[in-house]
Structures are given as structure tokens and as C-alpha cells.
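# What the coordinates show
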Amino acid sequence: MTLADRTNELLARIRQGRSMTLGQQLRLTVRLSVPAVIAQLSSIVMQYIDAAMVGHLGAEASASIGLVSTTTWLFLGLCAAVASGFSVQVAHRIGADDLAGARAVVRQALVATLGFSLLLAVVGAAISGMLPQWLGGDPSIRRDASLYFLIFSLFLPALQMNFLAGGMLRCSGNMHIPSLLGVVMCVLDVVFNFFLIFPTREWNLAGLTLAVPGAGLGVVGAALGTVAAEAVAAAVLLRYLWRRSEMLKMTGERGSFRPRRTTLKRAFRIGFPMCLEHAVICGAQIMTTVIVAPLGVFAIAANSFAVTAESLCYMPGYGIADAATTLVGQSIGAGRLKLTRSFARITVSMGMVIMGVTGVLMYCYAPQIIGLMTPVGEIRHLGVMALRIEAFAEPMFAASIVAYGVFVGAADTVVPCLMNFFSIWAVRLSLAAWLAPTLGLKGVWIAMCVELCFRGAIFLIRLFGERWLKRR
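Since this is a predicted model, take the numbers as computed values, not measurements. (Residues numbered from 1 in each chain as written. Predicted model: local features only at pLDDT ≥ 70, side-chain atom pairs only at ≥ 80, totals over all residues. Heavy atoms only, no water.)

## Focus on unusual backbone geometry
Inclusion rule: The numbering of helices and of strands both runs from the N terminus, where a helix is a DSSP run of H or I of at least 4 residues and a strand a run of E of at least 2.
Notably, Ala-411 is not glycine yet its phi reads approximately 60°, a positive angle. Along the chain, the position of Ala-411 falls in the loop between α15 (394–409) and α16 (414–439). Notably, Glu-466 is not glycine yet its phi reads approximately 65°, a positive angle. Along the chain, Glu-466 falls in the loop between α17 (441–465) and α18 (467–470).

## Some thoughts on the pattern of salt bridges
Condition: For this analysis, a salt bridge means a side-chain nitrogen from Lys or Arg found within 4 Å of a carboxyl oxygen belonging to Asp or Glu.
Under the defined criterion, the tally for this structure stands at 10 salt bridges. For Arg-170, the salt bridge goes to Asp-322, with nearest N and O atoms at 3.8 Å. With Arg-170 in helix α7 (residues 156–171) and Asp-322 in helix α11 (residues 297–333), this pair connects stretches of sequence that are 152 residues apart. The network of salt bridges with shared partners includes Glu-9, Arg-13 and Arg-18.

## Some thoughts on the nonpolar core
Most often, soluble globular proteins have nonpolar side chains that are buried together. To be explicit about the condition: What we call a nonpolar core is a set of buried Ala, Val, Leu, Ile, Met, Phe, Trp, Tyr and Cys residues that are connected through their side-chain atoms within 4.5 Å. Summary of the burial criterion: residues with accessible area below 20% of their type's maximum are buried, those above 50% are exposed, and those between are partly exposed, where the area comes from a 1.4 Å probe applied to protein chains only. We call two residues contacting when some pair of their heavy atoms lies within 4.5 Å.
Met-168, Leu-248, Val-406 and Trp-445 are the most contacted members of the largest nonpolar core, which totals 131 residues. Setting aside anything within four residues of it in sequence, one finds Leu-248 in contact with Val-90, Ile-94, Ala-102, Arg-103, Val-106, Met-168, Ser-172 and Leu-241. Counting 12 residues, the second largest nonpolar core, distinct from the first, contains Ile-14, Leu-28, Ala-36 and Leu-339.

## Some details on the packing of helix α3 (residues 59–95) against α11
To characterise two packed helices, one gives the angle between the axes of the helices and the distance between these axes. Using the following cut-off: Lines fitted to the C-alpha atoms define the axes, with helices restricted to the stretch that makes contact. Angles between their N-to-C directions range from 0 to 180 degrees. Angle categories: roughly parallel below 35 degrees, roughly antiparallel above 145, roughly perpendicular from 65 to 115, and oblique for all the rest. Note that Gly is not counted as nonpolar here; it falls among the polar residues with everything else outside the nonpolar set of Ala, Val, Leu, Ile, Met, Phe, Trp, Tyr, Cys and Pro and the charged set of Asp, Glu, Lys and Arg.
Packing of α3 against α11 leaves a shortest axis separation of 11 Å and a crossing angle of 5°. In this view, α3 runs roughly parallel relative to α11, as classed from their interaxial angle. The residue makeup of the contact of α3 with α11, split by class, is 14 nonpolar, 10 polar and 1 charged.

Structure below.
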């Protein structure tokens with residue numbers, strides 16, 4: 001029996017109401033978490049690759065991407081939230097052993113999310129020319145920043161399909177294919193960026209001079225390389241979902257693609273608070289960019305690099321949160337509340353331990369991590385300082401990330417959204433605005449560290465209070 005077969009057998013225990021020992025629960029959690037962590041890491045590695053390659057073009061090129069990065073995360077978060085509104089329904093249907101109903105939700109989701117992403121692409125393209133100025137960017141970086149965001153916006157439908165297909169497969173318990181495609185996407189990103197960012201140049205190899213072709217597009221090349229890699233991954237994931245997914249494949253089965261009102265209402269009830277939550281977080285990040293922008297190009301670039309580098313530390317938490325959503329969603333669909341509670345505590349504890357370890361590693365190796373992204377000494381100094389401050393918050397950050405994944409699996413998203421709103425806007429931004437004028441970028445990251453610890457504490461209180469579970 002393969003590893004995938006053993007994982008499916010354990011998932012079947014949830015749907016069939018069979019008992020599970022603590023050891024079986026731990027094994028299932030690990031087997032779902034590891035591929036999900038790899039998938040999340042591959043996503044942030046792509047950003048790290050872009051930042052590292054563009055970083056060698058100079059501080060202004062780095063700052064142009066950093067200026068609009070928070071807005072791109074906002075748009076990506078909205079796409080992910082809309083996809084989750086449907087994928088959580090699929091997890092519940094699978095948990096209730098209603099596979100035909102799960103496939104019906106998938107068909108409706110394809111149409112609904114594609115329409116949403118097309119609308120979002122139009123909005124993004126419309127504001128791309130004005131966005132750098134709104135964010136307070138220096139005139140020297142506005143053109144590149146605008147072009148980067150325009151290209152990103154035009155490819156949003158492909159990115160939406162990537163989120164949707166990957167989310168559907170993960171909620172069915174198939175973590176391996178999205179994970180594998182994440183790795184492939186990283187490799188393609190490196191290849192595309194290699195030829196698109198840099199101009200044609202000569203390499204000396206073993207005494208031979210080789211001409212390496214290149215488009216020399218700089219920041220625009222980084223945008224094109226990234227979206228091309230993600231579009232390829234989306235196409236492969238959609239094909240696998242359609243033809244080969246054990247539970248969700250739709251070949252040989254007829255069904256309507258027209259979104260039904262009940263499905264849309266459930267998706268809205270789940271996804272809208274998540275959209276609002278992402279807007280709250282990314283809106284705060286945009287406000288942080290506005291606070292950082294007057295500190296200069298070096299501060300903007302260092303802030304962007306530090307955020308990207310820190311993502312290497314907290315992406316394992318998001319991977320475990322994906323596993324938590326699947327496990328909690330299927331357990332609730334099967335009506336097994338005791339098992340739901342157990343999976344919630346296991347996943348949150350695992351996330352805190354793993355991110356605590358990665359926080360220690362980030363503190364120790366901060367100079368090397370930032371050094372790979374930029375050769376500019378001032379940016380390196382500021383970036384290392386930011387990472388070492390943030391390292392202390394990682395365990396509590398993990399608590400908020402994974403607990404949120406638990407609440408999403410339970411379709412309980414309104415209260416967590418309000419918690420995030422209060423924590424970020426009342427604690428982080430007020431502290432950042434107060435500390436930045438005197439401490440500069442250091443003050444901004446101290447504010448972030450304090451807020452993440454506070455957020456983790458309130459999420460743990462809600463998790464162990466179990467009101468989210470009693471509502472079920």
C-alpha cells in the first residue's frame with residue numbers, strides 16, 4: 001500500500017465514523033501537512049527568487065516591486081478567499097460522503113470564481129497607472145511599479161484557477177499534486193526569470209565564452225516570468241482536477257455549471273468574511289507601506305525583502321492551516337465534533353512548535369537570508385534588523401494562522417475576521433505610526449512583533465473556549 005493509499009484510508013475513517021487513535025490522528029495530520037507546507041513554501045520561494053534576481057538590478061528596481069507588493073497580496077488574498085468559499089463546501093460534502101454533491105459544487109465554482117477574477121483583473125488594470133503615486137512612491141520607481149502591477153492584474157484569472165483547483169484537491173485530501181506543481185512552478189519561475197529579467201550576456205565556462213540570451217526586461221521580466229509559471233501550473237492542476245482526481249473528476253458525468261443560489265449563498269457566507277479579513281490585513285500592510293515610504297528607497301526595499309524573507313518562516317504555518325481546514329471540514333461534515341476538537345488542537349500545537357524552530361533559524365541566519373537578496377549594504381543592515389525583531393513573534397503568529405485555518409474548516413469566519421481587524425488596525429498601525437518617526441523602520445517592525453503576539457493570544461483564547469465548535 002502506497003503512502004497516498006494509507007492517507008486515504010485514514011481519511012475514510014473520518015467519513016465512515018470509525019474510531020481513530022491519537023497516533024493515527026497525528027500521522028494523518030503530518031501526512032497532510034508536509035505536502036501543504038511544501039506547496040506554501042514553493043509559493044514564497046517564487047517571491048524570494050523574484051526579489052533576489054531583481055535585487056541585483058539595484059535598489060530602485062527592488063523598491064518598485066516592494067511598493068506594490070502589499071496590493072498584489074490584497075488581490076491574491078481576495079482570490080484565495082473566494083476559492084475557499086467553495087472548497088470548504090466541498091470538504092463538508094466529502095465528509096458527509098456526498099461525492100456527487102461535491103462535484104456539483106466544483107462545477108459551479110469554476111464559473112463563479114472565473115467571473116470574479118475577470119472583474120478583479122479589470123479593476124487592477126484600471127488602477128495600475130495611479131497606484132504607485134497613491135502609495136507615495138518616489139517618481140523614479142513609479143513606472144516600473146505600475147507595469148509590474150498591470151501585468152499581475154491581467155493574469156488574475158489564471159491565478160484564480162490555480163487557487164481554486166489546488167484548494168479543491170487539498171480539501172479532498174490530495175495534498176501531493178498541488179505540492180508537486182508548486183515545486184514545478186518554482187523551477188519554471190527561475191527559468192523564465194533567467195531569460196526575461198537580464199539582457200544577453202557572456203559567461204566564461206572552462207575557458208569557453210558562451211553567449212546567454214536574455215530579453216533584458218528587468219522588473220517587467222520578473223512579472224512576466226512569475227505569471228507565466230503560475231499560468232502553466234493552473235492549467236495542469238485544472239486538467240488533473242477534471243480528469244484524474246479520485247473524488248472530484250468530472251469526466252463522464254453530466255451536470256450544470258450554472259451557479260445555484262444556495263451554493264453562492266454558502267460561498268458568500270464563508271468567503272465574504274475571509275475577503276474582508278484579507279482586505280483588512282492587506283489594507284493594513286498598504287498603510288504600513290505608506291508609513292515606510294517617507295523613510296526612503298532603502299527602507300522600502302529593506303521592508304519588502306524582510307517581509308518576503310519572513311514568509312519563509314511563516315509559510316509552514318499556512319501549510320498546516322490548509323491541513324487543519326481539510327481535517328476539521330471533513331470531521332464536521334461527518335458530524336464528529338470530538339474528532340474535530342482533537343484535530344484543531346493537534347494542528348495548532350504542531351504549527352507553534354515548527355514556527356518556533358523556524359523563528360530561531362531566521363534569527364541566526366538573518367544576514368545570510370537577506371544577503372542573498374541584495375548586495376546593497378544599507379538594505380542588508382535594515383533587513384537583518386527587521387528579521388531578528390520578528391523572530392520573537394513566530395510561535396504566536398503560528399497560533400493565529402493555524403487557528404484561523406481551523407475556524408475556516410468549521411465555516412466560522414466572521415468573528416476571526418473581526419479579531420484580525422481589531423488586532424491589526426488598533427494595535428499594529430497605531431504603534432507603527434507612533435514609533436516610526438523616532439525609530440524609523442525598527443519601530444515599524446517592533447509594532448508588528450507586538451501585534452502578532454497579541455493576535456496569537458486572542459486566537460488561542462477563542463480556540464480553547466470552543467464557541468466556534470458549539471455553534472456547529
